[in-house]
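These are the residues of each chain, in order.
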Amino acid sequence: MNIIVCIKQVPDPEIPPARFQIDPEGKKVLPPEGVAPVISVFDERAVEVALRLKDKHQAKVTVITIGPPAAKKAVRYALSMGADTGIHVQQDMVEEPDSFESAHILARAIEKAGEYSLILCGRQAADWDAGQVGSIIAENLGIPVLTVARKVDLIDGKWRVESVIQDGYRIMQTPMPALVTVSSEIGLPRLPTGIGIIKATKAKIIEWSLNDIGADLSGIRRSEILKLYIPVREAKCHIVEADTVPEAAQKLALRLREVKII
Amino acid sequence: MEISREAFWNIQYGRPVYLGMLLLLPICYSIYRRYRLWSLGKPVEKLEKGRLGSFITGAAKILIHKRLLGIGSIPSSPKELYAGIMHALIFAGMLLLLLVTLLLAVHEDFVPFMHGVPYLIISFLGELGGIFAFAGLVMAVIRRYIRKPERLDNTLDDSLTLVLLLLLIITGFVIEGLRISATIPAPPWERWSFVGFALAEIFGLEKVSLLRWHKWIWWLHVGIFYGTVIYLCFSFPKLFHIIVSPINIFFCSLRPKGALAPIANIEDAETFGASDIDDFTWKQLLDLDACTNCGRCQDSCPAYISGKTLSPKRVIRDMKVRMEERGSKQSVKSPALAGEIIKDDDIWSCTTCRSCQEVCPVFVEHVDKIVEMRRNLTMTQSRMPEAVQLMVGNLFSRGHPWTGAQYMRLKGDWMDGLELNILGKEKNIDTLLWVGCTGALADRNADVTRSLVKILQSAGVDFTVMGAEEPCCGDPARRIGFEILFAEQVQQNIEIFHKHNVKRIITACPHCFNTIKNEYRQFGGDFEVLHHSQLLARLLRDGKLKITGGERRRRVTYHDSCYLGRYNDIYYEPRDILSHLPRIETVEMPRFGQRALCCGGGGGRIWMEEPVGTKINRIRTEEAFKTGSEVVVTACPFCLQMFDEGIRAKELDKDLKVMDLVELVETSMAVSGEEIQKRRETG
């Protein structure tokens, strides 16, 4: 059984909001200086799901990423977690691909990678939060898609997936092959083991160009950024003054009612 | 009549006693049996460079009872002195008695020399030996059965050992007394054997009738001695430490105290660290046999003191039991040592403060064993507390160990408003100020970094910083057992240092300091590393810092950081700095210097929860508070954080605050930021 995981390297979401910078003219996010990009949190969990399935059912796990040469670091990290093969599709475009372009490239790469029983993606990338790539890949490949999984099981040759919905989850089942997007409810991803790190250091990552996988992007892009800006948020601080605690509580409650919070 | 005596005298057939020498064979066999157990461990070089010297210093340490009497330790501890004197008396006494007996044998059967004064001196020495040993043994009985310190467990072996030795000494004195009694005419010179003579006076002088008694008790005495030796051979009791502990001291680690051993050929390894006995080195197993269960380690262990289940003594003892088990039945595989016999919680409770090792009289090395087991848990089994997992994840993705709102800043943010040379841009400066992750990321610690920068600048020290590009030094990864991450990080760092021709590194963090100074060498990085306390002490001595008056008279207490003190013997410099500051009165906490209690933050503990027992930092905060000081002075970013939390949790913030040494120096300095600016403008 082959499982393919699509991962993306994103700017570290833990950088302080004040340090987040964009170029409104070029409609681009400026990578923060001195902070290394990280593997997107949901994608890391997608790798974890693949590895849990591998532990249980014996599978070969392949991770694929698109991006500049530095993105290989994310692949290597997934390999050190326990993935078997890493593929890096070099992205030589000036503009960052939109969801349709990314999905197109990934679908072509997946086809080139060969047979698969399951494709896993994060529910969304932690940078643009579009949450579309997974579904578009499935459409591209003509396979079923189940989104926002909190659990993925293989039961009687079918994928049984618990999808997070408001107030709970629903259980769905789909035949192989299928695409599942993974949510953080799946639990903490594992850390690389010592042996994993050594293997990953020695492993050779497969490098493909867009030509290699036969990706032709003309006419694929369907979205355009009209304006990129950081919303301005204002916060006002009102200190409730009182001599005693009960009095303060009372005043606070009145104030909250005044502004219609309670 | 000549002043001398015959050795056997009343004992006609005494010479077969020499046959007892044959008992050396079972002793050797016994050592061999233990050696086979040690050989379960991995071989490491036994006679590396400097080993010969360590034999000599080891012997000296044993002779002067360095650890037991606390010679050279700061502070000496009266509490420990009782046990130290007790052991020294028994040790010196037995050694003297053995020597005297040996000389007597030489005199009798080889070179007769004990006539006149030499005889008197040797008799007197023997007498002293007996008195010393007796006094020591009585002290031991009082300690073990009347005072009963918690750290001692009383086994049958302990009682048997004391009884046998006491009987040996008592019968020795009695036969001496009987011999003097039964000698006719009474030899007046035997007054030099003062105890024997006193006993003889009690028995009555010139009493031939006592000859029979003398004979019987003589044989009893010999019987007890050989009985003790036979006991020694066949049950490997505590007394065997006479043989094994010196061997252990001779083979003690020659690495700097602060350096853990690297994993050799890590890239070819399949498993990491120690999951069971055979994963340790033979020396680490020798440690287990050298241990005498004295319990000093347990008494000084912050984890044990604060109510955790970890006891360094128990770790060693449990490992020893496991070693014997593995030695007798090779097939015993489960349960594993790491995680089952020694519980995960215990392995993670260690703060690596090294106080157990600092007090161990036989130089058992506990910390590296704990770290070996951590290596197995983290790298092979991938099993660690969630907090550690988070921290390792951060090291992987962000290159520093911190998470959380407080640390939502970038590594170079602390530099705002300071004029600094960045490494790589300034070619002619070979001194690097290594800030460390905590000093760069945590708000409170960044204040310390900025103080240090201002002081260095005002003293005219040229240095560069790495700013936003500064990675982790590797210490957190190594202490929690993630050696691969450590090795990778260190190699990268050394490459950067070499590339930019860094020769000297100054740091405010004792953990960075220890790793860069003592452990980078294992990877080919040899730099002059200075902790800020060393540098500031030097600058003060040279008059490079202008100290005026402090704001007002203040009482302060200094908390020794483990990685500065016990790891690197830096006790003096911080105190020297404090003594240079006007209007500062320094008082010590009851536990200071080598005996200082850890703040609870070392060994990766600062990133972990502490749900069991009392929090270590609260205990230490209480100790600082009780000195009546208004400031507890630290020289370590972790200690600073631990005290900060302790003070707030105990609601002592009105009376006590925590400051780094450099902050205190800065408040006493004449030069303000503006003046530095002015000075720079005028060139």
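From a predicted model like this one, the values you see are computed outputs, not experimental measurements.

So, on to the sheet that holds strand β6 (residues 60-67) of chain A. Residue and element names in this part refer to chain A. If you trace the 9 strands from one edge of the open sheet to the other, you get β11-β10-β9-β12-β8-β1-β6-β7-β13, paired in mixed fashion. Two strands in the sheet have a free side with no partner beyond their single neighbour: β11 (168-175) and β13 (206-208). Neighbour-to-neighbour, the strand axes of the sheet open up by a mean angle of 30°, direction not taken into account. Here 8 bridges tie strand β10 (residues 158-165) to β11, and the two strands are oriented antiparallel to one another. By the bridge assignment for β11, Glu-162 is matched with Ile-171. The strands that helix α2 (residues 72-81) touches are β1 (2-7), β6, β7 (85-90) and β13; relative to β7, the one it contacts most, it runs at about 170°. Of the strands in this sheet, β1, β8 (118-122), β9 (145-155) and β12 (178-182) are in contact with helix α4 (residues 133-141), which crosses β12 at around 175°.

As assigned here, chain A comprises domain 1 (2-213) and domain 2 (232-262). The C-alpha-based centres of domain 1 of chain A and domain 2 of chain A are spaced at 45 Å.

What follows covers the interface of chain B and chain A. The parts lose accessible area when they come together, and the size of an interface is often stated as this lost area. Contacts between the two partners involve 28 residues from chain B, matched on the other side by 25 residues from chain A. Together chain B and chain A conceal approximately 2000 Å² of surface at their shared face, both sides included; 63% is due to carbon and sulfur atoms. Across the contact surface, chain B and chain A share 1 salt bridge. Notably, a salt bridge pairs Arg398(B) with Asp12(A), separated by 2.4 Å at the nearest N-O pair. Summed over the shared surface of chain B and chain A, the result is 5 residue pairs in polar contact (both at pLDDT 80 or more). Mapped by element, the contributors of at least two residues to the side of chain B that touches chain A are α16 (367-380), α17 (386-398) and α21 (483-499) of chain B. When residues of the side of chain B that touches chain A are assigned to their parent elements, the largest contribution, 7 residues, is made by α17(B). The class makeup of the residues in the side of chain B that touches chain A is 12 nonpolar, 7 polar and 9 charged.

A few words now on the environment of Leu23(B). Inspection of the secondary structure assignment puts Leu23(B) in the segment before α1 (24-38). Put simply, Leu23(B) and Tyr226(B) are 203 residues apart on the chain and 8.1 Å apart in space, counted from C-alpha to C-alpha.

Residue and element names in this part refer to chain B. Judged by pairing direction, the sheet is parallel, and its 4 strands sit side by side in the order β9-β8-β10-β11 without closing on themselves. Bordering the open sheet on either side are β9 (584-587) and β11 (657-660), each of which pairs with just one other strand. Averaged over all adjacent pairs, the angle separating strand axes in this sheet is 35°, with direction ignored. Where strand β8 (residues 554-558) meets β9, 4 bridges bridge the pair, whose relative direction is parallel. Within β9, the residue paired with Thr-557 across the bridge is Val-587. Packed on one face of the sheet, helix α26 (residues 637-649) meets β10 (631-634) and β11 and runs near 170° to β11.

Okay, the pattern of salt bridges next. All names here are of chain B. Taken as a whole, this structure holds 57 salt bridges over all chains when the rule is applied. With its nearest N and O atoms 2.7 Å apart, the salt bridge here joins Asp-344 to Arg-383. Here Asp-344 is found in helix α14 (residues 344-349), whereas its partner Arg-383 is found in the loop between α16 and α17, with 39 residues between them in sequence. Looking at Arg-383, the relative accessible area reads 32%, which means it is partly exposed. One salt bridge connects Arg-575 with Asp-560, and the closest N-O pair in it is separated by 2.7 Å. Taken together, the residues Arg-575 in helix α24 (residues 572-580) and Asp-560 in the loop between β8 and α24 connect sequence positions 15 residues apart. Relative accessible area serves as the criterion here: at 18%, Arg-575 is assigned to the buried category. Among the ionic contacts, a cluster of salt bridges with common partners joins Glu-372, Arg-375, Asp-475, Arg-478, Arg-479, Glu-483 and Glu-519.

With that settled, the discussion passes to the confidence of the model for chain B. Scored by pLDDT, chain B has a mean of 91; 96% of the residues are at 70 or more. Scoring the predicted complex yields pTM 0.89 and, for the interface, ipTM 0.78.

Further remarks concern the packing of aromatic side chains. Residue and element names in this part refer to chain B. For the structure on display, the rule yields 21 aromatic pairs over all chains. Note on Phe-251 and Trp-282: the rings are 5.2 Å apart at their centroids and 75° apart in plane angle, and the pair reads as edge-to-face. Of the two residues, Phe-251 is situated in the loop between α9 (241-250) and α10 (282-290) and Trp-282 in helix α10; the sequence distance between them amounts to 31 residues. The class of Trp-282 is buried, set by a relative accessible area of 8%.

Attention now goes to the nonpolar core. Within the largest apolar cluster, 173 residues are counted, with the highest numbers of intra-cluster contacts made by Val5(A), Leu120(A), Val392(B), Trp414(B) and Phe482(B). Formed by 26 residues, the second largest nonpolar core is a distinct cluster that contains Leu106(A), Ala107(A), Ile136(A) and Ile143(A).

Turning our attention to a nonpolar patch on the surface. There is a patch of nonpolar side chains on the surface, built from Leu63(B), Ile64(B), Ile71(B) and Leu95(B) and spanning about 360 Å² of accessible area. For Ile64(B), the position within the fold is in helix α2 (residues 51-64).

Before going further, it helps to spend a moment on α10(B). Of all the 9 residues making up α10(B), 9 are buried; the element is thus mostly covered by neighbouring parts of the structure. Of the residues making up α10(B), those classed as buried are Trp282(B), Lys283(B), Gln284(B), Leu285(B), Leu286(B), Asp287(B), Leu288(B), Asp289(B) and Ala290(B).

Here the bond from Met176(A) into Pro177(A) is cis, since omega is -15°, no more than 30 degrees from zero. Of note, Pro177(A) is situated in the loop between β11 and β12. Here the bond from Ile184(B) into Pro185(B) is cis, since omega is -5°, no more than 30 degrees from zero. Its location among the elements puts Pro185(B) in the loop between α6 (156-182) and α7 (194-203). Even without a glycine there, the phi angle at Gln58(A) is positive, about 60°. Here Gln58(A) shows up in the loop between α1 (41-57) and β6.

This part covers the pairing of β8(A). Residue and element names in this part refer to chain A. Burial within β8 is extensive, with 5 of its 5 residues counted as buried. Judged by which residues are buried, β8 turns out to be covered on both faces: Leu-118, Leu-120 and Gly-122 on one side and Ile-119 and Cys-121 on the other are all buried. Summarising the sheet, β1 and β8 pair through 4 bridges and their orientation is parallel. Among the inter-strand pairings, Cys-6 is bridged to a residue of β8, identified as Cys-121. Summarising the sheet, β8 and β12 pair through 5 bridges and their orientation is parallel. The partner of Cys-121 across the bridge, within β12, is Thr-181.

The rules behind each value
Residue positions are given per chain, counted from 1 along the sequence in the order it is written. Chain A is the first chain written and ligand 1 is the first ligand written, with later ones labelled in order. Predicted model: local features are reported for residues with pLDDT of at least 70 only, side-chain atom pairs are reported and counted for 80 or more only, and whole-chain, interface and lining totals are derived from all residues. Each side-chain value is derived from all of the structure's non-hydrogen atoms; neither hydrogens nor water enter the calculation. DSSP-based pairing: two strands are paired if at least 2 bridges between them are found. Runs of H or I in DSSP of at least four residues are treated as helices and runs of E of at least two as strands, each being numbered from the N terminus. Axis lines are fitted to C-alpha atoms, over the contacting stretch for helices. Their N-to-C directions set the angle, which ranges from 0 to 180 degrees. For this analysis, residues touch if any pair of their heavy atoms sits within 4.5 Å. Boundary definitions for the domains trace back to an automatic or database domain assignment. Defined here as a combined quantity, buried area equals the accessible surface (1.4 Å probe) lost by two parts on assembly, summed across both. A pair is scored as a salt bridge if a Lys or Arg side-chain nitrogen falls within 4 Å of a carboxyl oxygen belonging to Asp or Glu. For the purposes of these results, a polar contact is taken to be a pair of N or O atoms within 3.5 Å, where, inside protein, one atom must be able to donate a hydrogen and its partner to accept one; residues adjacent in sequence count only when each atom of the pair is a side-chain atom. Gly is placed with the polar residues, together with every amino acid not listed as nonpolar (Ala, Val, Leu, Ile, Met, Phe, Trp, Tyr, Cys and Pro) or charged (Asp, Glu, Lys and Arg). To sort residues, take the accessible area from a 1.4 Å probe on protein chains only and compare it with the maximum for the residue type: under 20% means buried, over 50% means exposed, and anything in between is partly exposed. Values of pLDDT, the confidence the predictor places in each residue, fall between 0 and 100. Two aromatic rings from Phe, Tyr or Trp, using only the six-membered ring of Trp, form a pair when their centres are within 6.5 Å; if the ring planes differ by under 30 degrees the pair is stacked, by over 60 it is edge-to-face, and anything between is tilted. Put simply, buried Ala, Val, Leu, Ile, Met, Phe, Trp, Tyr and Cys residues joined by side-chain atoms within 4.5 Å make one nonpolar core. The residues that make up patches have over 30% relative accessible area and no salt bridge, and they are joined within 9 Å when like-charged or within 5 Å when they are Val, Leu, Ile, Met, Phe, Trp or Tyr. Calculation of accessible area relied on Shrake-Rupley with a 1.4 Å probe; when residues are assessed, cover is drawn exclusively from the protein chains displayed.

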